[in-house]
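Listed here are the chains, written in short residue letters.
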Amino acid sequence: MAKTHAHTEVPAEGHKEPFPPFRKDTFASQLVWLAIFFVVLYVLMAKLAIPQIGGIFAARQGRIDGDLEQARRLKAESDETLAAYEKALAEARGRAQTIAAETHTRLNKEAEERRKQLEAALNTELAKAETSIAATKASAMTNVRGIAIEAAGAIVERLIGVTPAAKTVNTAVDAALKR
């Protein structure tokens, strides 16, 4: 295999010709060709490339404007939907509070009616019980009076050995029961 070597040395005899763009005899033609290519490139850019780039920018701007308009429209729709939702929610809360208040009032009224019915039933039962107690008490008192008269007569007879008069015993028992 052959080895290659890179050299950085300048040949001793130097360059024979100057760099081609810097040659004095071709410099004028190079300037003419530069002007021709510049004009051709300028015309191509002005007539073809720049209008296409401008069209791309215009289409892009149109798409951006369309997207922004759609975003504004969607935002307006969402704002309207949100306002309708909040309004419906407020109405629902109002209806719920009204229903709760009506239910509370109705239940209180029903409870009051039931309380009055129970109170009336209890008052009726209480009156019956008081009548029964009074009858039982009167019956007991008549029995107590009779028993007291007999017991008082028996006690007096035992103590003094003489049977007392029934009228005296009745008067004494009635006086004791009145106290």
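Above this note sits the structure.
Calculation criteria
- Residues numbered from 1 in each chain as written.
- Predicted model: local features only at pLDDT ≥ 70, side-chain atom pairs only at ≥ 80, totals over all residues.
- Heavy atoms only, no water.
- Salt bridge = Lys/Arg side-chain N within 4 Å of Asp/Glu carboxyl O.
- Helix = DSSP H or I, 4+ residues; strand = E, 2+ residues; numbered from the N terminus.
- Buried < 20%, exposed > 50% of the residue type's maximum accessible area, 1.4 Å probe, protein only.
- Bend = angle between axes of the 7 residues up to and from the residue.

Asker: Would you mind going over the pattern of salt bridges in detail, with residue names and values included?
Answerer: Scanning all chains against the criterion turns up seven salt bridges. Between E77 and R73 there is a salt bridge whose closest N-O contact spans 3.3 Å. Pair noted here: E77 and R73 are both in helix α1 (residues 27-160), with a separation of four residues, about one helical turn. Since its relative accessible area comes to 38%, E77 is described here as partly exposed. In this structure, E110 engages R106 in a salt bridge whose closest nitrogen and oxygen atoms are separated by 3.5 Å. On the criterion of helical spacing, the pair formed by E110 and R106 is a turn pair, its members being four residues apart in helix α1. In this structure E110 comes out as partly exposed when scored by relative accessible area, which is 30%.

Asker: Please set out α1 residue by residue, giving values where relevant.
Answerer: At M45, α1 shows its maximal kink, close to 40°. In the segment just after α1, G161 is the residue with positive phi, at about 85°.

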